[in-house]
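Commentary on secondary and tertiary structure
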Amino acid sequence: MATEVVMPKQGNSVEACILIEWKVKVGDTISTGDIICEAETDKSTIEVESTAEGTVLALLWSEGDEVPVMQPIMAVGAEGEAYDAPQAAAAEEPAAPVEAAPAPAAPAAPVAEKPATAATAEAASPRAKQRAVKEGISLDGIAPTGPKGRIIERDVIAAAASSVSASPAAKAMALSTGSVFPETGSGIGGRILLKDLISRGEAVAPALETEAKVTPVKGIRKVTAQRMKESLDTTAQFTLNAYADARGLMSLRKRLKNSREELGMNKVSINDMVMFAVSRTLKEFPFMNAHFSMEAITEFENVQLGFACDTPKGLLVPVVTYADVRSLKELSDETKRLAFKAIDGKASMEELSGSTFTVSNLGALGIDTFTPVINIPEVAILGVGEISLKPVGTGGDDVSFVPHLGLSLTINHMAVDGAPAARFLKALTQNIADIELTLAL
């Protein structure tokens, strides 16, 4: 009897994974523990191992599909064994199997006849029938992609797009918005253009006819969007801006860069020193190292310091655990290790969760100050900007220009008041300015 291999669950927050690449094909012989595919969670890329051994009978999802966790993705059994793939639920957007091994000596399943008209079609969804009437086309000959060979609305839209003279942008808009094509367009020879759909109120798009790339929102991008919206919807966010004298940072960074290589301090960055100062300042202000819910505020003894990391797949937040008890070198080494893993898509769920405070640095991109969005349920996030020259009075009418580091602290005003947050930010700027003294904390 065939055994189904399921998409494994990756933490409590992961509901689905995007299947990136199959590593096996139908007919391959595999063992338990073999890598069968790569998948992308909302945080990283994982390698999925087989939980069965035998011959691959069927691959149930295509590369690029978003697969719910704990759902079958592959069938394994004896060579030549027949496997009947479970039918997808009757929905408008089902996932079709990639491929399946044919059952030897099994009779071919009868092919259902296509309905002759939209009005009499039984193997079509109600929305598909209604759309066919609007478009004035017959369902006869339309290739179905729905469950059990059912014609669904997207099949009708695709058929309508191929049967009329329309620009690629108009066709893409029709498929994405469900717009109905007019009988004739304003283009040469009656070609339907994007502006023809807009003028009928069928779509909202730029007025100019342009080619467009449509990218589905899924994976890390989708999760980031959901979390950002949730953060702004459920918290009262308030940002304070300040500047820290950066002369101490720059002087220490120069000395570390020129230090003996065997000390391993050459690669300590300005950001590493800022994160070190943050970890020590949070110990002075434990209400900032906390999580907030409408029921309680939880203050943490140790600092689990998250840092925003720009990766090819989107924004990730690796976490330096127990940052408050690590030396500057240890913090620097761990930050780089986690950043490399996140960029390569290899960071584990444990390495990307559990932060109690987050730092986001856009200084390298020329940003002075900004408004970072809180990584809920944390009560605050620190934005780090670039180092720039600021005028400082030196007595009388004299002014000198001193390098300063821009800092932006966003707090959840439901959990932290403005004055205590300002005191934290003031202490942080002082600890950064006196970084060599802060190293002794």
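Predicted model only: the values in this text are computed from it and were never measured. Here the residue numbering is sequential within each chain, running from 1 through the sequence in written order. With the structure being a predicted model, the display of local features is reserved for residues of pLDDT at least 70 and the display and counting of side-chain atom pairs for 80 or more, all residues being used for whole-chain, interface and lining totals. The basis for every side-chain value is the complete set of non-hydrogen atoms in the structure, without hydrogens or water.

1. So, the sheet that holds strand β2 (residues 16-22)
The criterion for strand pairing is that DSSP finds at least two bridges linking the strands in question. Here a helix means four or more residues in a row that DSSP labels H or I, a strand means two or more in a row labelled E, and each is numbered from the N terminus. With respect to topology, four strands assemble into an open sheet ordered β5-β4-β2-β7, the strand pairing being antiparallel. Every other strand in the sheet has two partners, leaving β5 (45-49) and β7 (66-68) as the edge strands with one partner each. Put simply, the sheet's adjacent strands are angled 45° from each other on average, direction ignored. Only the stretch in contact is used when fitting a helix axis, every axis being a line fitted to C-alpha atoms; angles between N-to-C directions are given from 0 to 180 degrees.

2. Considering the pattern of salt bridges
Only one rule defines a salt bridge in this text: a Lys or Arg side-chain nitrogen within 4 Å of an Asp or Glu carboxyl oxygen. Within the structure shown, the criterion is met by 15 salt bridges. With its nearest N and O atoms 3.2 Å apart, the salt bridge here joins Asp 28 to Lys 25. The network of salt bridges with shared partners includes Glu 334, Arg 337, Lys 341 and Glu 351.

3. Some details on the nonpolar core
For this analysis, a nonpolar core means a set of buried residues of the types Ala, Val, Leu, Ile, Met, Phe, Trp, Tyr and Cys, connected via side-chain atoms within 4.5 Å. The rule is simple: take the accessible area with a 1.4 Å probe, protein chains only, and divide by the maximum for that residue type; under 20% is buried, over 50% is exposed, in between is partly exposed. In terms of nonpolar packing, the biggest core is built from 53 residues, with Met 288, Phe 357, Leu 382 and Leu 409 touching the most fellow members. Per-element tally for this core: the top contributor is helix α7 (residues 270-284), with seven residues.

4. Some words on the sheet that holds strand β13 (residues 305-307)
In sheet architecture, strand pairing relies on hydrogen bonds along the backbone and comes in two forms, parallel and antiparallel. The six strands are arranged β10-β19-β18-β17-β13-β16 in an open sheet whose pairing can be described as mixed. Two strands close off the open sheet at either side, each with one partner strand: β10 (237-245) and β16 (319-320). Note: β10 against strand β19 (residues 398-412), nine bridges, orientation antiparallel. In the strand pairing of β19, Phe 238 is matched with Ile 411. Between two residues, a contact is recorded if the distance between any of their heavy atoms is within 4.5 Å. Contacts from helix α6 (residues 247-257) reach β10, β18 (380-395) and β19 within the one sheet, and its direction differs from that of β19 by about 95°.

5. What to know about α6
Those residues of α6 that fall on the buried side of the exposure criterion are Gly 248, Leu 249, Leu 252 and Leu 256. Looking straight down α6, one finds that the buried residues subtend no more than 95° of arc, so they occupy a single side. Exposed residues pointing more than 90 degrees away from the buried face of α6 are listed as Lys 254 and Lys 257. In the core, the buried residues of α6 are packed alongside α7, α8 (328-343), β19, α9 (418-433) and α10 (435-438). The arc refers to the directions leading from the helix axis to the C-beta atoms.

6. Details of the confidence of the model for the protein
Per-residue confidence from the prediction method is given by pLDDT, with values spanning 0 to 100. Here the protein averages 84 in pLDDT, and 85% of its residues register 70 or above. In the predicted structure, residues 88-98 sits below a pLDDT of 50 and forms 31 contacts with residues beyond four places in sequence or in another chain. Here residues 105-121 is a poorly scored stretch, pLDDT under 50, and it has 20 contacts once near neighbours within four places are set aside; other chains count.

7. A few points about the environment of Met 7
Looking at where Met 7 falls in the secondary structure, it is placed in the loop between β1 (3-6) and β2. For the pair Met 7 and Glu 49, spaced 42 residues apart in the sequence, the C-alpha separation amounts to 9.3 Å. In this structure, Met 7 is in contact with Cys 17, Ala 39, Val 48, Val 67, Pro 68, Val 69, Met 70, Gln 71 and Ile 73, ignoring residues within four places of it in sequence.

8. Some words on the packing of aromatic side chains
Two aromatic rings from Phe, Tyr or Trp, using only the six-membered ring of Trp, form a pair when their centres are within 6.5 Å; if the ring planes differ by under 30 degrees the pair is stacked, by over 60 it is edge-to-face, and anything between is tilted. Inspection of every chain in the model, using the stated rule, returns three aromatic pairs. One aromatic cluster is present, built from ring pairs that chain together Phe 285, Phe 287, Phe 357 and Phe 424.

9. Quick word on the state of the cysteines
We call a pair of cysteine sulfur atoms a disulfide whenever their separation is within 2.5 Å. Taken as a whole and assessed by the stated rule, the structure comprises zero disulfides. Between Cys 37, a free cysteine, and Cys 17, which holds the nearest cysteine sulfur, the sulfur-to-sulfur gap is 9.0 Å.

10. Observations concerning the packing of α7 against α9
At a minimum axis separation of 9 Å, α7 and α9 run at an interaxial angle of 135°. As summarised for this structure, α7 and α9 are arranged oblique, according to the angle between their axes. Here the hand of the crossing between α7 and α9 comes out right-handed. Of the residues in α9, those in contact with Val 274, Ala 277, Val 278, Thr 281, Leu 282 and Glu 284 of α7 are Phe 424, Ala 427, Leu 428, Asn 431 and Ile 432. Each residue is assigned to one of three groups, with Ala, Val, Leu, Ile, Met, Phe, Trp, Tyr, Cys and Pro labelled nonpolar, Asp, Glu, Lys and Arg labelled charged, and all others, Gly among them, labelled polar. Split by residue class, the contact of α7 with α9 holds eight nonpolar, two polar and one charged. Roughly parallel means an angle under 35 degrees; roughly antiparallel means over 145; roughly perpendicular covers 65 to 115; every other angle is labelled oblique. Each crossing gets its hand from how the near helix is turned against the far one by less than a right angle, where anticlockwise is left-handed and clockwise is right-handed.

11. Examining the packing of α7 against α8
Relative to each other, α7 and α8 sit at 115°, their axes nearing to 9 Å. Here the hand of the crossing between α7 and α8 comes out right-handed. Where α7 approaches α8, its residues Asp 272, Met 273, Met 275 and Phe 276 are matched on the opposing element by Leu 328, Leu 331, Ser 332, Thr 335 and Lys 336. Residue composition of the contact of α7 with α8, by class: five nonpolar, two polar and two charged.

12. What about a nonpolar patch on the surface?
Together, Leu 389, Val 399 and Phe 401 give the surface a local cluster of nonpolar side chains, amounting to about 330 Å² of exposed area. Its place among the elements puts Leu 389 in strand β18. Each patch is built from residues lacking any salt bridge and having more than 30% relative accessible area; the joining distance is 9 Å for like charges and 5 Å for nonpolar side chains (Val, Leu, Ile, Met, Phe, Trp, Tyr). Working definition of accessibility: Shrake-Rupley area with a 1.4 Å probe, residue cover restricted to the visible protein chains.

13. A word on the environment of Ile 297
Among the structural elements, Ile 297 can be located in strand β12 (residues 297-299). Once residues lying within four places of it in the same chain are set aside, the contact partners of Ile 297 are Ala 290, His 291, Phe 292 and Ala 415.

14. Some details on unusual backbone geometry
With an omega of 10°, the peptide bond running from Ile 376 to Pro 377 counts as cis. Along the chain, the position of Pro 377 falls in the loop between β17 (357-361) and β18. One non-glycine residue with positive phi stands out, namely Met 70, at about 65°. Secondary-structure assignment places Met 70 in the loop between β7 and β8 (72-77). A residue is classified by how much of its surface remains accessible, and Met 70, at 47% relative accessible area, is partly exposed. Here Tyr 322, not a glycine, exhibits a phi torsion of approximately 50°, which is positive.

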